[in-house]
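Residues per chain are reported as follows:
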Amino acid sequence: MSLDTLTPAVEKLAFRNAMSRLGAAVNIITTEGPAGRAGFTASAVCSVTDSPPTLLVCLNRAASVYPVFRENMQLCVNTLAAGHEDLSSLFGGKTPMAERFSAAEWSAAVTGSPVLRGAVASFDCRITQIVSIGTHDTLFCEVVDVVHSEENHGLAWFDRGYHPLKRQEAR
Ligand SMILES: NC(=O)c1ccc[n+]([C@@H]2O[C@H](COP(=O)([O-])OP(=O)(O)OC[C@H]3O[C@@H](n4cnc5c(N)ncnc54)[C@H](O)[C@@H]3O)[C@@H](O)[C@H]2O)c1
Ligand SMILES: Cc1cc2c(cc1C)N(C[C@H](O)[C@H](O)[C@H](O)COP(=O)(O)O)c1[nH]c(=O)[nH]c(=O)c1N2
């Protein structure tokens, strides 16, 4: 079925229904800087290139956190572990920022952005380019530091729910 056979109203729902089948890592994206501290949950995160190490994050311009990220121009991608489901929901809801951050332990990255204790990986980044498409801004982020853990299991967002991702046994 081609997209142009769908009416615009159905197109968005069909798109979301199909996208719900793409399992993705869940991340809490944080920032700290002149505009203050903020964080939100994101599944729209992907590796762009390793030369220079760059990833992208898609952020809805209607989100309350948007102006903070836009002004700070730096962020940390904290990839969540199994057990972080409630924290993910807290950062994905309409919860006040202080309440979001008080639910976990954080340290400061090189850029000053909050690094989540227990994340499977944290990518400290500077935002180098921003491209607006529809409702979202795509933030291209150059990675300046990485931290990763070998201890925790991963977490996926699939079919509108959380699924733990078990590490392979050591070989
Ligand atoms: N990229 C995003 O902005 C994005 C991604 C995932 C979830 N969410 C938010 O979380 C809520 C719950 O999501 P869900 O997966 O349970 O159900 P859903 O039906 O709202 O979304 C299904 C899938 O569609 C995509 N999607 C959802 N909203 C989008 C948006 N505004 N722009 C681009 N892609 C989008 C995501 O891949 C998502 O997993 C959503 O209503 C949305 O507010 C946003
Ligand atoms: C699992 C999951 C995944 C995502 C989200 C939610 C959830 C639960 N949200 C929504 C985002 O987290 C939410 O809009 C923010 O918390 C901003 O909300 P406030 O406007 O600050 O309350 C989200 N938003 C966004 O701009 N890009 C994304 O990739 C995602 N992904």
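These numbers come from a predicted model, not from an experiment.

Parameters and conventions
- Residues numbered from 1 in each chain as written.
- Chains lettered and ligands numbered in written order.
- Predicted model: local features only at pLDDT ≥ 70, side-chain atom pairs only at ≥ 80, totals over all residues.
- Heavy atoms only, no water.
- UniProt positions renumbered as here; feature names shortened; annotations may be inferred.
- Helix = DSSP H or I, 4+ residues; strand = E, 2+ residues; numbered from the N terminus.
- Near = heavy atom within 4 Å.
- Polar contact = N/O pair within 3.5 Å; in protein donor to acceptor, adjacent residues only side chain to side chain.
- Areas by Shrake-Rupley, 256 points an atom, 1.4 Å probe, with all protein chains shown as cover.
- Nonpolar A, V, L, I, M, F, W, Y, C, P; charged D, E, K, R; others polar.
- Contact = heavy atoms within 4.5 Å.
- Core = buried A, V, L, I, M, F, W, Y, C linked by side-chain atoms within 4.5 Å.
- Buried < 20%, exposed > 50% of the residue type's maximum accessible area, 1.4 Å probe, protein only.

A. Spatial organisation of the UniProt feature "domain: Flavin reductase like" (unreviewed entry) in the protein. The UniProt entry lists residues 19-164 under the feature "domain: Flavin reductase like" (unreviewed entry), expressed in the numbering used here. Structurally, residues 19-164 comprises 14% helix and 53% strand, and the distance from its first C-alpha atom to its last is 19 Å.

B. The site of ligand 2, seen in detail. Within the structure, ligand 2 sits among 18 residues, and T41, C58, N60, S64 and F91 are positioned closest to it. Residue F91 places a main-chain N or O atom 2.7 Å away from an oxygen atom belonging to ligand 2. Residue K94 places a side-chain N or O atom 3.2 Å away from an oxygen atom belonging to ligand 2. About the coverage of ligand 2: the protein hides 83% of its 640 Å² of free accessible area. Where the shell around ligand 2 is concerned, the elements lending two or more residues are β3 (36-42) and β5 (53-60). Classifying every residue of the shell around ligand 2 by side-chain character gives 9 nonpolar, 7 polar and 2 charged.

C. Representation of the site of ligand 1. Lining the immediate surroundings of ligand 1 are R16, M19, S20, S43, A44, H136, W157 and R160. R16 has a polar side-chain atom sitting 2.8 Å from an oxygen atom of ligand 1. The contact in question runs from an oxygen atom of ligand 1 to an N or O atom on the side chain of H136, over 2.7 Å. When grouped by side-chain class, the residues that make up the shell around ligand 1 number 3 nonpolar, 3 polar and 2 charged.

D. The environment of E105, seen in detail. Positionally, E105 belongs in the loop between α4 (97-102) and β7 (106-108). Taking the C-alpha atoms as reference points, E105 and C76, 29 residues apart in sequence, are found 14 Å from one another. Those residues in contact with E105, other than ones at most four positions away along the chain, are V115, L116 and R117.

E. The arrangement of the nonpolar core in detail. Core analysis: the biggest nonpolar cluster contains 18 residues, and I29, F40, V57, F69, L75 and C141 have the highest contact counts within it. Every element with two or more residues in this core is listed here: β3, β5, α2 (66-72), β6 (74-79), β9 (121-133) and β10 (136-148). Sequence-distant contacts of I29, defined by excluding residues within four places in its chain, comprise A38, G39, F40, A42, V45, V57, F69, L75, C76 and V77. Of all hydrophobic cores here, the second largest spans 10 residues; its members include V26, L87, W106 and L116.

F. Broad picture of unusual backbone geometry. Residue P52 is reached from S51 by a cis peptide bond, and omega for that bond is 0°. Note that P52 resides in the loop between β4 (45-50) and β5. In the Ramachandran plot, M73 falls in the positive-phi region, its phi being about 60° despite a non-glycine side chain. Mapped onto the fold, M73 is located in the loop between α2 and β6. A relative accessible area of 30% places M73 in the partly exposed class. We note that D159 has phi near 55°; this positive angle belongs to a residue other than glycine. Given the relative accessible area of 47%, D159 is considered partly exposed.

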